[in-house]
Amino acid sequence: MKKKLVILPLLSISLCCFSQDFIKVENQNGTVLGYSPNSGIKIITKDGLKFKDLNKNGKLDPYEDWRLPAEVRAKDLAKRMSVEQIAGLMLYSGHQTIPAKASGFGAGTYNGKSIEESGANPWNLTDEQKKILKEDNLRHILIVTVESPEVAAKWNNSMQSYAESIGLGIPGNTSSDPRHAGQVSGGVKAEFNAGGSGEISVWPDGLAMAATFDPAVMKQFGEVAAKEYRALGITTALSPQIDLGTEPRWFRISMTYGESPKLVTDMGRAYTDGFQTSTGSAEIKDGWGYNSVNAMVKHWPSGGPEEGGRDGHWAFGKFAVYPGNNFDMHLKPFTEGAFKLDGKTKEASAVMPYYTISYNQAKDGTNYANGFSKYIITDLLREKYGYDGVVCTDWMITHDEGSTPDQFRGKPWGVENMNENERHYMALMAGIDHFGGNNQVAPVIAAYQMGVKEHGKIFMRQRFEQSAVRLLKNIFRLGLFENPYLDPLQSSSTVGCPEFMQAGYNAQLKSIVMLKNKNNILPVSDKKTVYIPKIYSPATSNWWGIWGEPTLDYPVNMDIVKKYYNVTSDPTKADFAMVFVSSPHVDADGGGYSIDDRKKGGNGYVPISLQYGTYTATEGRGQSIAAGDPVIDPTITNRSYKNKTTTVNNTMDLNTILTTRKMMGDKPMIVVVNATRPMVFNEFEDKADGIIIRFGVSEQAVLDIVSGKYEPSGLLPVQMPANMATVEKQNEDVPFDMECHKDTEGNKYDFGFGLNWKGIIKDARTQRYSK
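Residues numbered from 1 in each chain as written. Predicted model: local features only at pLDDT ≥ 70, side-chain atom pairs only at ≥ 80, totals over all residues. Heavy atoms only, no water.

(A) Summary view of the overall build of the protein. Across its full length, the protein carries 21 helices and 31 strands. The C-alpha atoms of the protein give 27 Å as radius of gyration, which agrees with the globular expectation for 771 residues (28 Å, within 12%). Projected onto its principal axes, the C-alpha coordinates of the protein cover approximately 95 × 60 × 55 Å. When burial is assessed residue by residue, the protein has 62% of its 771 residues classed as buried. (Helix = DSSP H or I, 4+ residues; strand = E, 2+ residues; numbered from the N terminus. Rg over C-alpha atoms; globule rule 2.2 N^0.38 Å. Buried < 20%, exposed > 50% of the residue type's maximum accessible area, 1.4 Å probe, protein only.)

(B) Broad picture of the confidence of the model for the protein. On average, residues of the protein score 93 in pLDDT, and 95% of them reach the 70 mark or higher. Contacts for the low-pLDDT stretch residues 1-19, under 50 throughout, to residues beyond four places or in other chains number 34 contacts. Here residues 184-197 scores under 50 on pLDDT; set against residues more than four positions off or in separate chains, the count is 46 contacts. (pLDDT = per-residue confidence, 0-100. Contact = heavy atoms within 4.5 Å.)

(C) Structural context of the side chain of histidine 313. Examined against the element boundaries, histidine 313 turns out to sit in the loop between β14 (294-300) and β15 (319-320). Only 2.5 Å separates the side chain of histidine 313 from the side chain of aspartate 311, close enough to count as a polar contact. Here tyrosine 354 takes part through its side chain, which lies 3.3 Å from a polar atom of the side chain of histidine 313. (Polar contact = N/O pair within 3.5 Å; in protein donor to acceptor, adjacent residues only side chain to side chain.)

(D) Examining the sheet that holds strand β10 (residues 173-176) more closely. Spatially, seven strands are ordered β8-β9-β10-β11-β14-β16-β18 in an open sheet, and the strand pairing comes out parallel. Strand pairing shows two members of the sheet lacking a second neighbour, β8 (95-98) and β18 (390-391), which therefore form its edges. Inspection of the sheet shows β10 paired to strand β11 (residues 234-237) by three bridges, in the parallel sense. The residue of β11 that forms the bridge with serine 176 is alanine 237. Packing of helix α5 (residues 149-164) onto the sheet brings it into contact with β8, β9 (140-146) and β10, and relative to β9 it is tilted by some 155°. Helix α10 (residues 374-384) rests against β14, β16 (350-353) and β18 of the sheet, and its axis sits at about 125° to β14. (Pairing = 2+ DSSP bridges. Axes fitted to C-alpha atoms, helices over the stretch in contact; angles between N-to-C directions.)

(E) Summary view of the environment of arginine 461. If you trace the backbone, arginine 461 turns up in helix α13 (residues 457-476). In sequence terms arginine 461 and isoleucine 132 are 329 residues apart; their C-alpha atoms lie 23 Å from each other. With near-sequence residues (within four places) excluded, arginine 461 lies in contact with Ala78, Lys79, Met81, Ser82, Val83, Ile86 and Tyr448. A polar side-chain atom of arginine 461 sits 2.9 Å from the main-chain carbonyl oxygen of alanine 78.

(F) Highlighting a nonpolar patch on the surface. Taken together, the side chains of Tyr536, Leu552 and Met652 define a hydrophobic patch exposed on the protein surface, amounting to about 290 Å² of accessible area. Here methionine 652 lies in helix α18 (residues 652-664). The class of methionine 652 is partly exposed, set by a relative accessible area of 37%. (Patch = residues over 30% accessible without salt bridge, like charges linked within 9 Å, V, L, I, M, F, W, Y side chains within 5 Å. Areas by Shrake-Rupley, 256 points an atom, 1.4 Å probe, with all protein chains shown as cover. Salt bridge = Lys/Arg side-chain N within 4 Å of Asp/Glu carboxyl O.)

(G) Quick look at the packing of aromatic side chains. Considering all chains together, one arrives at 34 aromatic pairs under this definition. With a centroid separation of 6.2 Å and an interplanar angle of 55°, the aromatic rings of phenylalanine 334 and phenylalanine 339 are classed as tilted. The exposure class assigned to phenylalanine 334 is buried, which follows from its relative accessible area of 0%. Residue classification places phenylalanine 339 among the buried positions, given a relative accessible area of 10%. Here a set of aromatic residues connected by ring pairs shows up, and it is made of Phe251, Trp314, Phe316, Phe408, Tyr593 and Tyr605. Its guanidinium or amino end placed over the ring of tyrosine 355, lysine 411 lies 5.6 Å from that ring's centre, counting from NZ or CZ. (Phe/Tyr/Trp six-rings, centres within 6.5 Å; stacked < 30°, edge-to-face > 60°. Lys NZ or Arg CZ within 6 Å of the ring centre and 35° of its normal.)

(H) Structural context of the nonpolar core. Within the largest apolar cluster, 144 residues are counted, with the highest numbers of intra-cluster contacts made by Trp300, Phe464 and Leu472. With nine residues, helix α7 (residues 215-232) is the largest single contributor of residues to this core. When sequence neighbours within four positions are dropped, the list of residues in contact with phenylalanine 464 reads Val83, Ile86, Ala87, Met90, Leu428, Val444 and Tyr448. Of all hydrophobic cores here, the second largest spans 59 residues; its members include Ile512, Phe580, Met669 and Phe684. (Core = buried A, V, L, I, M, F, W, Y, C linked by side-chain atoms within 4.5 Å.)

(I) Geometry of the packing of helix α15 (residues 498-511) against helix α19 (residues 699-706). Running from N to C, α15 and α19 cross one another at 60°; their axes reach a closest spacing of 9 Å. As the angle between them shows, α15 and α19 are arranged oblique. The hand of the α15/α19 crossing is right-handed. Here α15 contributes Tyr505, Gln508 and Leu509 to the contact with α19, which in turn contributes Gln700, Ala701, Asp704 and Ile705. Per-class residue counts for the contact of α15 with α19 are four nonpolar, two polar and one charged. (Parallel < 35°, antiparallel > 145°, perpendicular 65-115°, else oblique. Left-handed = near helix turned anticlockwise from the far one by under 90°. Nonpolar A, V, L, I, M, F, W, Y, C, P; charged D, E, K, R; others polar.)

(J) Examining the environment of glycine 303 more closely. Take glycine 303: it is sitting in the loop between β14 and β15. Owing to a relative accessible area of 0%, glycine 303 belongs among the buried residues under this scheme. Spatially, the C-alpha atom of glycine 303 lies 29 Å from that of alanine 539, the residues being 236 residues apart in sequence.

(K) Region of interest: the pattern of salt bridges. Counted by the stated rule, this structure contains 35 salt bridges. Linking glutamate 482 and arginine 73 is a salt bridge whose minimum nitrogen-to-oxygen distance equals 2.8 Å. Separated by 409 residues along the polypeptide, glutamate 482 in the loop between α13 and α14 (488-494) and arginine 73 in helix α1 (residues 70-80) bring together distant segments of the chain. When sorted by exposure, glutamate 482 lands in the same class as arginine 73, which is buried.

(L) Here's a closer look at the packing of α7 against helix α8 (residues 261-276). Direction vectors running N to C along α7 and α8 enclose 30°, while the axes themselves pass 7 Å from each other. Here α7 is positioned roughly parallel relative to α8, judged by the angle of their axes. In this structure, α7 crosses over α8, and the sense of that crossing is right-handed. Between α7, through Pro215, Met218, Lys219, Phe221, Gly222, Glu223, Ala225, Ala226 and Tyr229, and α8, the contact on the second element is made entirely by Asp266, Met267, Ala270, Tyr271, Asp273, Gly274 and Phe275. Of the residues in the contact of α7 with α8, the class split is 10 nonpolar, two polar and four charged.

Okay, structure coming up:
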């Protein structure tokens, strides 16, 4: 006997209004449906169970049946999608701010007006968001700043209601760059860390988390962060960044987990397990569920070995080089970590290749950027290592580059002479599923048409469906097709709750490293009088060319300091001094190129310094390993900066340290360094009685260590070089190949070094992660 399928009008179903934004429908087995009363969705009842009629055709289709496996549902839905709908699914939006700003980064309009002029609520969709969801069929949205957790939840509900009302009812998959770190690299909110809001738990990130040497802390972070992400409507994390930090000058080393292949592998595995795994009632199947967040590990096959430390966001940093023939080691955090999880989800759900050209590593003889390389994506990642998850390009690789190498524009490295449609086709045929930072569907459809012309319609339809299935599985597994809606009040109580905040703060404490403690000056447990000098910060511009103001101010919240010590502005009245500085840093682009040098007839390339004082690269390479840009600078075949001179932006930090030493006489001086990468200590270390290094964590955590409330336990996740000569001589792709600084106490600032109150730390961590 054929089973009867009934479509019930809304009023005849036992419903529970969860909020005025959506309606909740209970099933006996616990599967909860949520839908918007404004989307036109109706409920189907079959076998005594309830399902959403997402395509509004009056029958239960396999993709609507939550009893079926995610892959079965994804394959069914992919076959129902038009080419235009699949092309839209392959888009990943540019950065969205909630609410949209009136101008500049994150700008948007509401009925043609700014939010102030329109009177719109901060959770309303912008005109641009409605367009990309409906006209371009986009379903993957990258959000950055949000006004509050409540606003984020309400915006999620607005977006999901709109997506549910159109097409096949495919929900949106919202993503975020890391947003739990207390600070950002160099004080600059860059394209890859522009997220973050003030109402979320604060944890160590990158080198700070690595300094704990404890994957259990990392896994705990992942579990907490995933719950907070889901409360914000975020279901994909554009993280972790598991590039090996083998090049000390690379400014994105601050977001890595250091230079040890073993430590980075374990940290990447723990992060991914923590984010992706749901347990108990939150689990749907195979570890996936309502607390799960897709992890997009980056950057395959590692962006760490950037030549000279220059970064691939710009044309001057397009090459990753391997002078130590160490390519395979850089794959281990992926192949042995993120792709071999301890948890039931088994492997990271998505991978992002870096912008760089992995120079001379492709066996097919090509030198395309990783996102365009069939060898890197298909031959290596998919076929050799069997990865069948989503591969998403880094943002803007299909766009045109700037007119000079220093401009922050598109990053089509290796395919500069192609047009945008051709680049999409190149990436698609290399094995890419997802185009980061592209809101427009037209180039993807153009790429499909190119494929039809070359391979035929059947082949290209299969290729499109292959990507569609991968992308849809990551949405189905999280339960979004059943209920993508949030309770704003619950979101507010979850994000940044006291329990999560405390856990994050405990992890911050574990990340702080004590490098020097001459005569056991630390801890300073009594409420003594401290002198803290102000720090001069010169004007700098961000990636978008917006300049900030120079400042002369305290580098620490003095109200927090006063809870621990008496404060004086007169060094003669102080018992000790604390000097808060940042590690040597250059411009927001990470350095390595000067347009002024190019205009004067040079090649434009300059050294990146890790010391405060002016530096001349007498030991730099005479001939660069890689070079060339066929569009904007084809005549430059040597990117050497040998014998050129550079000075870091915060060179005055050194002067502050040395002057404070003179002012304090014989009284103790403690230097607290906020480091974003390795640095040279020989300019001032012998003047300091104590040195504490933090990697972006809070000032209060530092003061809890200095005052003795907690004992330091952090360890260096990277080597600290003895000088710039050893930096120039090391190989970009090789870990642990620098001469390390040796201080006045006879200690070497090597990987794994750190002090506690008793002396050098030697424990299970240092044994497991020895060089």
